Amino acid sequence: AQSVTQLGSHVSVSEGALVLLRCNYSSSVPPYLFWYVQYPNQGLQLLLKYTSAATLVKGINGFEAEFKKSETSFHLTKPSAHMSDAAEYFCAVSEPSGTYKYIFGTGTRLKVLA
Amino acid sequence: DTAVSQTPKYLVTQMGNDKSIKCEQNLGHDTMYWYKQDSKKFLKIMFSYNNKELIINETVPNRFSPKSPDKAHLNLHINSLELGDSAVYFCASSQSGAGELFFGEGSRLTVL
């Protein structure tokens, strides 16, 4: 069965510092992986996705993530945090064969300090 | 034009009442979902429909009944509301159960 683990329910960084949000997955087949962002009182918006092409994936707002099969990880990074990055971030996994089930991690609340 | 739209955005009601949430997508997708987000932001899938056919029904009480009149619409009816039903309900869609999910803005249900 698929599962997703996000280490750290809360992460605080200073403005301009590196952002690193961790995601590890468990899947019986090579999965599709996603990062979503949720701003207060809004729906989830896709940041980036891995669908078995390039292992380094670039997304919107300067975020990127690297798929590491050996570590079963898909960590999200951004070189320089901005105040507007403060939000809830979710990692998700699905099976490429289209099982119609997307499993979400428990989320990481990112706080950016001035 | 909103890709996935849900109505209403807010519902406040008393225990024991019945309520419905409607969802429509204009992306041409064939699969739609209902997710429940609790107060700790945990997202749990409830139902999924592909071309109007129910394909995922997680361990959701029978008081929750989804209905998909066509592949662009997925509604959720909840009978006999309980305090524990208070949450944000998100509708989402995708193409063929793969690729990315597109989410609506959510419907916040508060049961008093």
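Each remark here, short or long, concerns the structure printed above.
### A closer look at the overall build of chain A
Right, so step 1: Each helix and strand counted, chain A has zero helices and 12 strands in total.
Right, so step 2: Of the regular secondary structure in chain A, the N- to C-terminal order runs β-β-β-β-β-β-β-β-β-β-β-β.
Right, so step 3: Relative to the 2.2 N^0.38 estimate, which gives 13 Å for 114 residues, the radius of gyration of chain A is 13 Å and therefore close to what a compact globule would have.
Right, so step 4: Sequence-distant contacts, at least 24 apart, represent 57% of the contacts inside chain A between residues at least 6 apart.
Right, so step 5: Surface summary for chain A: the accessible area is close to 5300 Å², and the carbon and sulfur share equals 53%.
Right, so step 6: Looking at charge distribution, chain A has the averaged site of its 9 positive side-chain charges lying 3 Å from that of its 7 negative ones.

### Some details on the state of the cysteines
A covalent bond bridging the sulfur atoms of two cysteines is what the word disulfide describes.
Residue and element names in this part refer to chain B.
Right, so step 1: Within the structure shown, the criterion is met by two disulfides over all chains.
Right, so step 2: The partner cysteine of C23 in its disulfide is C91, sulfur to sulfur 1.9 Å. With the S-S bond torsion at -80°, the cross-link from C23 to C91 turns out left-handed. Of this pair, C23 sits in strand β3 (residues 19-25) while C91 sits in strand β9 (residues 87-95), and the two are 68 residues apart along the sequence. We note that C23, like C91, is buried.

### Some words on the pattern of salt bridges
Right, so step 1: Applying the stated criterion to the full structure yields eight salt bridges over all chains.
Right, so step 2: K58 of chain A serves as the salt-bridge partner of E64 of chain A, at 2.8 Å between the closest nitrogen and oxygen.
Right, so step 3: The class of K58 of chain A is exposed, set by a relative accessible area of 63%.
Right, so step 4: Across the pair K9 of chain B and E105 of chain B runs a salt bridge, and its minimum N-O distance is 3.1 Å. Here K9 of chain B is found in the loop between β1 (4-7) and β2 (10-13), whereas its partner E105 of chain B is found in the loop between β10 (98-103) and β11 (107-111), with 96 residues between them in sequence.
Right, so step 5: Judged by relative accessible area, K9 of chain B falls into the partly exposed class, the value being 34%.
Right, so step 6: Judged by relative accessible area, E105 of chain B falls into the partly exposed class, the value being 44%.

### What about the nonpolar core?
Residue and element names in this part refer to chain A.
Right, so step 1: Counting 27 residues, the largest nonpolar core has W35, L48, F74, L76 and Y89 as the members making the most contacts within it.
Right, so step 2: Contributing elements (two or more residues each) for this core: β2 (10-14), β3 (19-21), β5 (32-38), β6 (44-50), β8 (64-68), β9 (73-78), β10 (87-94) and β12 (108-113).
Right, so step 3: Of the residues forming this core, the biggest block, four residues, is contributed by β10.
Right, so step 4: Non-local contacts of Y89, meaning those with residues more than four positions away in its chain, are made with Q6, L21, W35, Y36, V37, L47, F63, L76, G107, T108 and L110.

Cut-offs used in this document
Residues numbered from 1 in each chain as written. Chains lettered and ligands numbered in written order. Predicted model: local features only at pLDDT ≥ 70, side-chain atom pairs only at ≥ 80, totals over all residues. Heavy atoms only, no water. Helix = DSSP H or I, 4+ residues; strand = E, 2+ residues; numbered from the N terminus. Rg over C-alpha atoms; globule rule 2.2 N^0.38 Å. Contact = heavy atoms within 4.5 Å. Areas by Shrake-Rupley, 256 points an atom, 1.4 Å probe, with all protein chains shown as cover. Lys, Arg positive; Asp, Glu negative; His and termini not counted. Charge placed at Lys NZ, Arg CZ, Asp CG, Glu CD. Disulfide = S-S within 2.5 Å. Buried < 20%, exposed > 50% of the residue type's maximum accessible area, 1.4 Å probe, protein only. Salt bridge = Lys/Arg side-chain N within 4 Å of Asp/Glu carboxyl O. Core = buried A, V, L, I, M, F, W, Y, C linked by side-chain atoms within 4.5 Å.

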